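Here is how the chains run, residue by residue.
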Amino acid sequence: MIGVTVLGATGSIGVSTLDVLARHSDQFHVVALTAHRDVDKLTRLCLRHGPRYAVMVDEQAARELSRRLKDQGSTTEVLAGAVALAQVAALTECDYVMAAIVGAAGLAPTLAAARAGKRILLANKEALVMSGRLFMEEVQRHGAELLPIDSEHNAVFQCMPAGFANGLGTVGVEQILLTASGGPFRERDPASLRDVTPEQAIAHPNWEMGRKISVDSATMMNKGLEVIEACWLFHTDADHVQVVVHPQSVIHSLVRYVDGSVLAQLGNPDMRTPIAHALAWPRRLAAGVAPLDLFSVARLDFEEPDLRRFPCLALSYQAARAGGTSPTVLNAANEVAVQAFLERRLAFTGIARVIAAVLDASDTQAAESLEHVLDEDARARGLASQLIESGVVGS
Ligand code: NAD
Ligand code: MG
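Residues numbered from 1 in each chain as written. Chains lettered and ligands numbered in written order. Predicted model: local features only at pLDDT ≥ 70, side-chain atom pairs only at ≥ 80, totals over all residues. Heavy atoms only, no water.

(A) Local environment of the site of ligand 1. Around ligand 1 sit 23 residues in total, of which Thr10, Ser12, His36, Glu126 and Gly210 are the nearest. In this structure, an oxygen atom belonging to ligand 1 sits 3.3 Å away from a main-chain N or O atom of Gly8. One of the backbone nitrogen or oxygen atoms of Gly210 is found 2.8 Å away from an oxygen atom of ligand 1. In the complex, 87% of the free accessible area of ligand 1, which totals 830 Å², lies under the protein chains. (Near = heavy atom within 4 Å. Polar contact = N/O pair within 3.5 Å; in protein donor to acceptor, adjacent residues only side chain to side chain. Areas by Shrake-Rupley, 256 points an atom, 1.4 Å probe, with all protein chains shown as cover.)

(B) Layout of the pairing of strand E1 (residues 2–7). A large share of E1 lies buried, amounting to five of its six residues. Sheet analysis places E1 next to strand E2 (residues 28–35), joined by five bridges and oriented parallel. Bridging from a neighbouring strand, Gly3 pairs with His29 of E2. Read from E1 through helix H1 (residues 12–23) to E2, the crossover connection turns out right-handed. Where E1 meets strand E5 (residues 96–99), four bridges bridge the pair, whose relative direction is parallel. Within E5, the position partnered with Val4 by the bridge is Tyr96. (Buried < 20%, exposed > 50% of the residue type's maximum accessible area, 1.4 Å probe, protein only. Helix = DSSP H or I, 4+ residues; strand = E, 2+ residues; numbered from the N terminus. Pairing = 2+ DSSP bridges. Right-handed = clockwise from strand over helix to strand, strands pointing away.)

(C) The arrangement of the environment of Glu126 in detail. With respect to the secondary-structure elements, Glu126 resides in helix H6 (residues 125–141). Glu126 sits in the buried class, given a relative accessible area of 5%. Between the C-alpha atoms of Glu126 and Val102, which are 24 residues apart in sequence, the distance is 7.4 Å. Those residues in contact with Glu126 that lie beyond four places of it in its chain are Val102, Gly103, Ala104, Lys212, Asn331 and Glu335. Among the polar contacts listed, one links the side chain of Glu126 to the side chain of Asn124, at a separation of 2.9 Å. Of the polar contacts made by the side chain of Glu126, one reaches the side chain of Lys212; its length is 2.9 Å. (Contact = heavy atoms within 4.5 Å.)

(D) Region of the structure containing a nonpolar patch on the surface. Residues Leu266, Leu294, Leu300 and Phe302 make up a contiguous nonpolar surface patch of about 340 Å² in total accessible area. With respect to the secondary-structure elements, Leu300 resides in the loop between helix H12 (294–297) and helix H13 (311–322). (Patch = residues over 30% accessible without salt bridge, like charges linked within 9 Å, V, L, I, M, F, W, Y side chains within 5 Å. Salt bridge = Lys/Arg side-chain N within 4 Å of Asp/Glu carboxyl O.)

(E) Layout of the sheet that holds E5. Strand order in the open sheet formed by seven strands is E4-E3-E2-E1-E5-E6-E7, with parallel pairing between adjacent strands. Two strands close off the open sheet at either side, each with one partner strand: strand E4 (77–80) and strand E7 (145–148). Sheet twist, expressed as the mean angle between neighbouring strand axes with direction ignored, is 20°. Packing of helix H3 (residues 59–71) onto the sheet brings it into contact with strand E3 (53–56) and E4, and relative to E4 it is tilted by some 175°. (Axes fitted to C-alpha atoms, helices over the stretch in contact; angles between N-to-C directions.)

(F) Representation of the domain arrangement of the protein chain. Each assigned domain of the protein chain is listed here: domain 1 (2–148), domain 2 (155–268) and domain 3 (323–390). Computed from C-alpha atoms alone, the centre-to-centre distance between domain 1 and domain 3 is 27 Å. The partner domain 3 presents 12 residues to the 10 residues of domain 1 that form the contact. The contact between domain 1 and domain 3 buries some 780 Å² in all, and 71% of this surface belongs to carbon and sulfur atoms. Across the contact surface, domain 1 and domain 3 share zero salt bridges. Our count for the domain 1 to domain 3 interface comes out at two residue pairs in polar contact (both at pLDDT 80 or more). (Domains from an automatic or database assignment. Buried area = accessible area lost by both parts, 1.4 Å probe.)

(G) Local environment of the side chain of Thr17. Relative to the helices and strands, Thr17 is located in helix H1. In this structure Thr17 comes out as buried when scored by relative accessible area, which is 0%.

(H) Geometry of the packing of aromatic side chains. Taken as a whole, this structure holds six aromatic pairs when the rule is applied. Here the aromatic rings of Phe164 and Phe234 are separated by 5.5 Å at their centres, their planes lie at 55°, and the arrangement is tilted. Remark: Phe234 occurs in the loop between helix H10 (221–233) and strand E9 (241–245) and Phe164 occurs in the loop between helix H7 (151–159) and strand E8 (173–180); sequence separation between them is 70 residues. For the residue pair Phe164 and Phe234, the accessibility class agrees, reading buried in each case. Site record: aromatic cluster; members linked through ring pairs are Phe157, Phe164, Phe234 and Trp281. (Phe/Tyr/Trp six-rings, centres within 6.5 Å; stacked < 30°, edge-to-face > 60°.)

(I) Summary view of the pairing of E5. Residue alternation in E5 divides its side chains into two sets, Tyr96 and Met98 and Val97 and Ala99, and both sets are buried. Bridge analysis of E5 against strand E6 (residues 119–122) gives four bridges, and the strand direction is parallel. Its bridge partner being in E6, Ala99 is matched across the sheet by Leu122. You can see the chain leave E5, run along helix H5 (residues 107–115) and come back into E6, and the turn it takes is right-handed.

(J) Looking closely at the environment of Lys118. Secondary-structure assignment places Lys118 in the loop between H5 and E6. Of the residues examined, Lys118 reaches a relative accessible area of 7% and is grouped as buried. The spacing of Lys118 and Cys94 is 24 residues in sequence and 7.8 Å in space, taken between C-alpha atoms.

(K) Fine view of the pattern of salt bridges. The full count for this structure, using the stated rule, is 29 salt bridges. Between Glu145 and Arg119 there is a salt bridge whose closest N-O contact spans 3.0 Å. Highlighted residues: Glu145 in strand E7 and Arg119 in strand E6, separated in sequence by 26 residues. Take Glu145: its relative accessible area is 32%, and that puts it in the partly exposed class. Put simply, Glu187 and Arg186 hold a salt bridge, and the shortest N to O gap is 3.9 Å. Residue classification places Glu187 among the exposed positions, given a relative accessible area of 66%. Among the ionic contacts, a cluster of salt bridges with common partners joins Asp40, Glu64, Arg67, Arg68 and Asp71.

Listed below in structure tokens is the structure:
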């Protein structure tokens, strides 16, 4: 039996992961489930999946969870606080860790999983964007296995030949083509983007996801973060990663080879496919996903991304090329700006303006240590908050 810890169990990826695991309870058992503060949902998940441990970051929520589970006769042990996230990611009885916490909060427990040499199913792209070099070094040093869950990166992984870690050139790969749906505003008049509401921004045409990544998809910052993620996962640079707008979200990404071949991975937009792939790799596992019906898909469209409509994508390429701490700054400013937008303190178009201003005010430095990265992250967050509060970027 393979033991699995699910970090961010109450989120969209967490719930899809538990769905796949429950279909194969003869092969996997749930070791630990974690969440920020949603007691109702984590109680239900614990009663259904019977983990040995449950973690709530919020202490009061942890007490409440513990009381409710005891009342129901559950033997799950409840732990509290952010430190416990790293503990349950490194437990001996845990073989695989699903890293599905949203944002920078996922970095420490995902690093703990790497240091404990686990198989990491990586959904939390922000952790990799924030400290890619240090994270990849820890994975290598401790013999951890890193499998991408982001649908595009999982698709690329499926289209890559063995040995890609030695450099894409050595295995005949010329380019990675990352597909993007273009989000809900692909065709909207750019002049009206200023008035977009959080409700409109999180209504994604093809995927059901958490609020933060849904806003990132609407600004196309999600794709920008994914370009940086692809550079780290596939040992390449931003010039070898092309974004292709593909509104149907049926091709999840492609890899172009020197001989002219282009391999693609297709499927319905359902995250249980990459989750099942990474759980079973190198085997395959039924995921409960409806078979792709090409006749009802009927056509596949492709467009070049419009960088004026989606300045966040251009800013991401800029940060990827600058390297060092620039992606850390980009990610931190974005997290603060998206939160402000969701709380109606910042206009949709203000998100890109905040990020651009914070990047402009930041020198690119070598990302030397985790402390340094965390300092830069905190500094960029402070600056982004100040800009938003002072209103200089436009509300
Ligand atoms: P979500 O908002 O639905 O869930 C986030 C989870 O993280 C929840 O369990 C929440 O309790 C936990 N969490 C939030 N803040 C926390 C904190 N400070 N400390 C500890 N836990 C915290 O998000 P999601 O859509 O499931 O996305 C999770 C990650 O996966 C993100 O990094 C996202 O970019 C990535 N991802 C998601 C999808 C998708 O389809 N949803 C696809 C690709 C990648
Ligand atoms: Mg993705």
